[in-house]
Amino acid sequence: MRLLPRYITARLAFGWLLVFLIMTALFSFLELVGQLDDIGEGSYQAKDAFMYVAYTLPGRILGLAAVSSLLGGIVGLGTLANTDELLAMRACGFSVFRIARVVLGAGSVIMLCVLLLTQFVLPPLEQKAKLNRELALSGEGSLLSTGDFWTRGKNNRFINVRPSASGVGHADVSIYDFDDQGKPTSYVGSPETEIVSNDQWIGRDVRQITFADKRITDRVKPSLVLDVFLNTRQTDILSITPDMLSLDKLYQYITVLRERGQNTDQFVLALWQKTTLPLKVGAMMFFSLPFVFGVAREVNPGRRVTVGCIVGISYYYFDQALGYMGLLLGIHPAFTTLLPLTIIILVATWLLFRVP
């Protein structure tokens, strides 16, 4: 009896790996085709398109994780059902819910990987992918390997924006002004800057240095509205999306936005979606069980996978639509995020209890 859980786990691993590879390769190819349309715009070249697809691969894996888990479970368990091995296991006393425990136990590794990808791998790669692509398309600046963003403003002004040590939602900004002969005229440095809007950057502990008439003036102000004036494209490059933030940074950013009195609904929804993603993966693994027991055991494998695709895609779009509908109606994201998850678990449990 100890060998059976290992055997089931091996079949599940094969099914999950096969589906993950196929779906990731397919959607990566489609993403690459979409990127090819932008080649030639600005300095965007084929290598940039391939790099973008590579950097966004973890995000693609996470986006497909729930559906892939369902289909992988159907494929893995389906091979056992087609050869009547599941029937033999049940005849030996291996109940349906014991098999379910094995499935969820094996799936806990994938759930843990999803959580680690969300927290540590996805945010820096998504940020690098977005910045590199936008900069190549626009030619509005350059990005160094350290994460510094440099761009040129009007009247011989150079602006450097770096992540602030004070945390997400703030920027470390340096502004350098030069005259027509290339000599420095002023420097403004703000280690903690709130980018409120395109034309309103509020700096804290701002240092101002002025070079004029062979005299240098150096002073520090506790607060100052910075005259940055980036254009719309440059501001879009510096904008923050939820995928660029880990769970703790996303929560911190929501706190910063609330302190500023800004709307946080989109980021709160993203936080709940990211937090519950491992649970959704586990729920979809659990939902793969009714596809291989009872009457469903006699169904053609191709039809079984097709129905699984329809259910998985329907669940994905229902989950997304419900989340954004909740934003429009003022419903808390906790409800709109957990409702589809609860429905999947209850339906799967009900179907398994009906297995003779």
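For the structure itself, look to the data block above.
Residues numbered from 1 in each chain as written. Predicted model: local features only at pLDDT ≥ 70, side-chain atom pairs only at ≥ 80, totals over all residues. Heavy atoms only, no water.

Applying the stated criterion across every chain yields a total of 7 aromatic pairs. Between Tyr253 and Phe267, the aromatic rings sit 5.0 Å apart at their centres with planes inclined by 75°, giving edge-to-face as the arrangement. Remark: Phe267 occurs in helix α8 (residues 265-287) and Tyr253 occurs in helix α7 (residues 247-260); sequence separation between them is 14 residues. For Tyr253, a relative accessible area of 11% puts it in the buried group. With relative accessibility at 9%, the residue Phe267 sits in the buried group. Joined through ring pairs, the aromatic side chains of Trp150, Tyr176 and Tyr187 make up one cluster. A cation over a ring is seen here: Arg133 above Tyr44, with NZ or CZ 5.9 Å from the ring centre. The aromatic ring of Tyr52 is capped on one face by Arg133, whose charged end is 5.6 Å from the ring centroid. (Phe/Tyr/Trp six-rings, centres within 6.5 Å; stacked < 30°, edge-to-face > 60°. Helix = DSSP H or I, 4+ residues; strand = E, 2+ residues; numbered from the N terminus. Buried < 20%, exposed > 50% of the residue type's maximum accessible area, 1.4 Å probe, protein only. Lys NZ or Arg CZ within 6 Å of the ring centre and 35° of its normal.)

Once that is clear, we can look at unusual backbone geometry. With a phi angle near 60°, Asp84 is a residue other than glycine that sits in the positive phi range. Examined against the element boundaries, Asp84 turns out to sit in the loop between α3 (57-82) and α4 (85-91). The phi angle at Asp205 is positive, at roughly 50°, despite the residue not being glycine. Tracing the sequence through the fold places Asp205 in strand β6 (residues 200-212).

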